[in-house]
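# Fold and contact review
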Amino acid sequence: MSAKLSTFFVSEGISGLTCKHSSVRFLVPVPHRLLPASCKMRKRNLSSHHKTQQLKKAAHERPPRTADFQPNGDDESESESASIINVPILSQEIISDDDVDTDIVVEHTNGKELSDQPVPDEQKSMAINMDGAEQLSGVQSEDLIGMIRYAEKNILLLNQVRVRALEDVERTVTEKEALQEEINVLEMRLAETDARIKIAAQDKVRVELLEDQLDKLRNELTHRGVTERNELDMYNNHGKLLNQEASVLHDNSFNSFSKEISSLREENIYLKNDIEVLKAELSDVKNTDERVLILERERTVLESALKDLEVKLSVSQEDVSKLSTMKVEYKDLWEKVENLQALLDKATKQADQAIIVLQQNQELRKKVDKLEESLEEANVYKLSSEKMQQYYELMQQKIKMLEDRLQRSDEEINSYVQLYQESVKEFQETLNNLKEESKKRALGEPVDDMPREFWSRLLLIIDGWLLEKKISTDDAKFLREMAWKRDRRIRDAFMACKDKNEREAITTFLNLASSPTCPGLYVIHIAAEMAPVAKVGGLGDVVTGLGKALQNRGHLVEIVLPKYDCMQYDRIRDLRVLDVVVESYFGGRLFKNKIWVGTVEGLPVYFIEPHHPDKFFWRGKFYGEQDDFKRFSFFSRVALEFLLQAGKKPDIIHCHDWQTAFVAPLYWDLYAPKGLNSARICFTCHNFEYQGTAPASELAYCGLDVHQLNRPDRMQDNFAHDRVNPVKGGVVFSNIVTTVSPTYAQEVRTAEEGRGLHSTLNLHSKKFIGILNGIDTDTWNPATDTYLKIQYTANDLQGKAENKEAMRRHLGLSSADVRKPLVGCITRLVPQKGVHLIRHAIYRTLELGGQFVLLGSSPVAHIQREFEGIANHFQNHAHIRLILKYDESLSHSIYAASDMFIIPSIFEPCGLTQMIAMRYGSIPIARKTGGLNDSVFDVDDNTIPLAFRNGFTFSTPDEEGVNNALGRAFNLYSNNPESWRQLVQKDMNMDFSWESSSAHYEELYLKSVARARAASRI
């Protein structure tokens, strides 16, 4: 058994070392430092002469609770304090001085060396009294030696207790084994007794069987005759003998068994008593084991505490050694400080002298500068006089050249005057001829003095008469063509019928006798949106803008829309319901539909109101329902049914996005065979991310053949073979397929951007083209915009500044710095639009010293919550404002007020906001993707002609790209106002109208119709 002395916790006063769940406690005086020491104990062989009875006696007796030991130490240690040890003793007989013999070896370090190492004081390390430190270290060394001696005695007593406890454990184990042997013997005897009882039971059963047999024999003998008496007597005699023998045997065996059983019972009683005694002894042994375990735990806790103290003592020795080195360093530092102080005094004196010299030099320098300035002025005057002489000579030469040119120009002007007079005569003659011809053609020329709404209303009246069966199909066609051509006669007839009833008006129209030919195409748009009455995104703007542009180019354009309950009915003119019902098939039944007519932005529009129990278009919103596939497949079929029953013969049926892509397969599979076969189908996909896929079985509701269409080359979705894809059906079954920008058309033909349709688009690439959308320049015109406080033009930008100031006041933004740039952003907050880059742009704009205004909302809940948090954070900020909704009036104001407009889209099929922003003089900052790449060109890109550079672009969709573009825009705005003004004027004069885009569509329409007509002639 060996143990090491650990270091004690060092502090001033008395430190108590206690062990939890133990009755052993050491109270020791603690000096400032302790000497390291080790104590080794060797256990000799212990005698085992104590008997089992003594062990039992010791176990039953309650041992004394504590025994106090007062160790004999040196006088110095006794003067300090005494070590009190409370140790539980099992028995005075178990523990004796003769049982343990210990050898104690104590190793001390050199006291002299320790005395030379005083304790460091951290708060007074640089001002130590050396003599006082040596005295303190001597006292501390003596305290440490005394403390170590007390610790050694405590360890000795602890080991003695441990040895006695181990001896007690060994004796207990021996007694336990003896008791176990006795228990085994008793168990064997019990087993023998059980065996004997079983044998006695078996003998008793045999005797009972013999008695039964004897009774049977007696009964048989009583039934026999008298002749058998002798035999019976003999048998009875024999039976009596047997009975006597059996009874004797039975009595003998029973008596012997009963004796044995009684003896066994007595033995069992003795055994039970012995077992009870053994159980009591075992419980005492267990109690002894528990006390031994408690002592063992206390020993481990004490050992760990001693180890901790030993570590702390070693640390204290290192501190003492460091202190001695610090004394030497302190002396060296003090000498250096004195040297540095002397040097500092010298340097101060030299600096004073240098300052005086420097002041004198500065005065001399000023005199030299004045002399140099006067010398430079003299040189400049000399050079300017020489240049003036040269300039005078050059001017004389230029004057001579100008005189020569002036003389030549006079001659040329005279010749031009003569030519002009001759041309005026020719022009007068031509004008007279034209007037005469115009008088002749006045009756046959189209009328241009009536608004578009007039002709659209006239067409709707004619169609209403046809659907209500008030005129024939041929008459309706004739009158429609006259209205289409804007014939003066039908205009006059309509004006003459204002005060007449409907029957008289129909008679007047039927009296028109001419039959002119149609000058253009008949185009019908079937769509889910139309601005401004039913607008969600850019689709509504395209339907209205393209329709108006085609109408202006001389084509007849009509629109077919669902009649939503949430439309802006106040933007529809002359809305009325026709006295006709159109029935259409859906889900195995026929459903009735009302037809409403009205004009929107001068275009004739038919609104379809289904009488379906599911109320398809009375949901309070346009999209986002669980049954959108059913809603719009129903609408697509009703629209074609209406065209068929109305007898319309359009040249082009133009459907848009997945909501009306059903029109293409429905037209060719169901309605072309019924006679609606004059049209070519044009399908425009405005965003390939939305494809409207659904289980193939739902296609059967609108009457299409699922088995024929759910095939890889038709409508089967390219990702899931049990689903159909309306957009894919539109691409496959249409004659013309377009998207909204050339760059986007290239992007969607790749696997990364095609959303699974790239293979289908590549297969049909010959009929697939991208045409950049335009904007409605009548609606978006800062010179006539009624939403603005001040209208303005590119030549008068003062109105833009006033709109900026008005919006700042309206939103509560700071107007302290009029030139502070304002960045605008109007968008739907969806991942496609780069919401993380918009969030970054808000904070980056603030860092660059600008203001930021955001208008828009998100259908994605977590994005809406995130931007609501940002809006709350900047609620009262002087330079940031977020309006998380759509406000038509405010959008016009933001376009007019903003200096820059950011569009950091991840992908953008076309985008209209960048075009509108430029129309209002807001410079776009856009990512190069889709339609943004086709409409915004960087001002610093030398590969682009200067006339087309109109904004700032970046390629990578990350914060670095946004930072670069914003930084360049702010730099140009702040450092070069004139260049910025020129850029604003150039952007406002750019043409983003539908004129060019509608011309492309017109060309596609005409080519497709021409091919169809050529094929029909063959």
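Scroll up a little and you will see the structure.
This write-up is about the structure you can find in this document.

About the cut-offs
- The numbering scheme is per chain: residues are counted from 1 as the chain's sequence reads.
- In keeping with the model being predicted, local features are shown solely for residues with a pLDDT of at least 70 and side-chain atom pairs are shown and tallied solely at 80 or more, while totals for entire chains, interfaces and linings include all residues.
- Hydrogens and water are ignored here; the side-chain numbers use all heavy atoms of the structure.
- Throughout, exposure labels follow a simple rule: accessible area from a 1.4 Å probe, protein chains only, divided by the maximum for the residue type, with under 20% read as buried, over 50% as exposed, and the rest as partly exposed.
- Going along the chain from the N terminus, every DSSP run of H or I of four or more residues is numbered as a helix, and every run of E of two or more is numbered as a strand.
- Side-chain atoms alone can form a polar contact between residues adjacent in sequence; in general such a contact is a pair of N or O atoms within 3.5 Å, and within protein one must be able to donate a hydrogen while the other accepts it.
- Only Phe, Tyr and Trp rings are paired, with Trp represented by its six-membered ring, and only when their centres lie within 6.5 Å; those with planes under 30 degrees apart are stacked, over 60 edge-to-face, the remainder tilted.
- Working rule: Lys NZ or Arg CZ, within 6 Å of ring centre, within 35 degrees of ring normal, means a charge sits over the ring.
- By this definition, two strands are paired if DSSP reports at least two bridges between them.
- Lines fitted to C-alpha atoms define the axes, with helix axes restricted to the stretch in contact, and inter-axis angles between N-to-C directions lie between 0 and 180 degrees.
- Note on definitions: salt bridges are taken to be side-chain nitrogens of Lys or Arg within 4 Å of carboxyl oxygens of Asp or Glu.
- Residues enter patches when they are more than 30% accessible in relative terms and free of salt bridges; like-charged ones are connected within 9 Å and nonpolar ones (Val, Leu, Ile, Met, Phe, Trp, Tyr) within 5 Å.
- Computed by Shrake-Rupley with a 1.4 Å probe, the accessible areas treat only the displayed protein chains as cover when residues are assessed.
- By the counting rule applied here, Lys and Arg register as positive and Asp and Glu as negative, while His and the ends of each chain are not counted.
- Positions of charges follow a simple convention, taking NZ of Lys, CZ of Arg, CG of Asp or CD of Glu.
- Contacts are assigned to residue pairs that have any heavy atoms within 4.5 Å of one another.

## With respect to helix H15 (residues 726-733)
- Here H15 lies mainly inside the structure; eight of its eight residues are buried.
- At the N-terminal end of H15, a side-chain oxygen is found 3.0 Å from the backbone nitrogen of valine 727, two or three residues along, and the residue is asparagine 725.

## Comments concerning the packing of aromatic side chains
- With the rule as written, the count across this model stands at 26 aromatic pairs.
- With a centroid separation of 5.2 Å and an interplanar angle of 25°, the aromatic rings of tyrosine 895 and phenylalanine 901 are classed as stacked.
- Taking the relative accessible area as the measure of exposure, tyrosine 895 reaches 3% and is therefore buried.
- Taken together, the aromatic side chains of Tyr564, Phe617, Phe622, Tyr623, Phe629, Phe632, Phe635, Trp658 and Phe662 make up a single cluster linked through ring pairs.
- One residue, lysine 563, lies across the ring of tryptophan 596, its end atom 4.6 Å from the ring centre.
- Note that arginine 819 overlies the ring of tyrosine 973, its terminal NZ or CZ placed 4.2 Å from the centroid.

## Some remarks on the sheet that holds strand S5 (residues 522-526)
- The nine strands are arranged S7-S8-S9-S6-S5-S10-S11-S14-S15 in an open sheet whose pairing can be described as mixed. Sheet topology places strand S7 (573-586) and strand S15 (768-770) at the edges, where each strand pairs with a single neighbour. In this sheet, neighbouring strand axes are inclined to one another by 25° on average, regardless of whether the strands run parallel or antiparallel.
- As defined by bridge partners, S7 adjoins strand S8 (residues 589-600) across nine bridges and the pair is classed as antiparallel. If you follow arginine 573 over to S8, its bridge partner there is threonine 599.

## Brief notes about the pattern of salt bridges
- Under the counting rule described, the total for this entry stands at 27 salt bridges.
- We note a salt bridge from glutamate 805 to arginine 809, for which the minimum N-O separation is 3.7 Å. Of this pair, glutamate 805 and arginine 809 both sit in helix H18 (residues 798-811), four residues apart, which is roughly one turn of that helix.
- Each of the salt bridges in this network shares a partner with another, and the network as a whole consists of Arg619, Lys621, Glu625 and Asp627.

## A closer look at a negative patch on the surface
- On the surface, Glu177, Glu181, Glu182 and Asp274 cluster together to form a negatively charged patch.
- Tallying contributions element by element places helix H4 (residues 130-222) first for the negative patch, with three residues.
- Within the element layout of this structure, glutamate 181 appears in helix H4.
- Owing to a relative accessible area of 56%, glutamate 181 belongs among the exposed residues under this scheme.

## Structural notes on the side chain of serine 734
- Among the secondary structure elements, serine 734 is positioned in the loop between H15 and strand S14 (736-739).
- A polar atom in the side chain of serine 734 sits 2.5 Å from the backbone oxygen of glycine 730.
- Ignoring any residue separated from it by four or fewer positions in sequence, one finds serine 734 in contact with Ala664, Ile681, Phe683 and Lys767.

## Some remarks on helix H21 (residues 888-897)
- In terms of burial, H21 is largely enclosed, as eight of its 10 residues are buried.
- Contacts from the buried residues of H21 go to H18, strand S16 (822-826), strand S17 (851-855), strand S18 (880-883), strand S19 (900-903) and helix H22 (913-919).
- Two or three places before serine 889, at the opening of H21, aspartate 887 has a side-chain oxygen 3.1 Å from that residue's backbone nitrogen.

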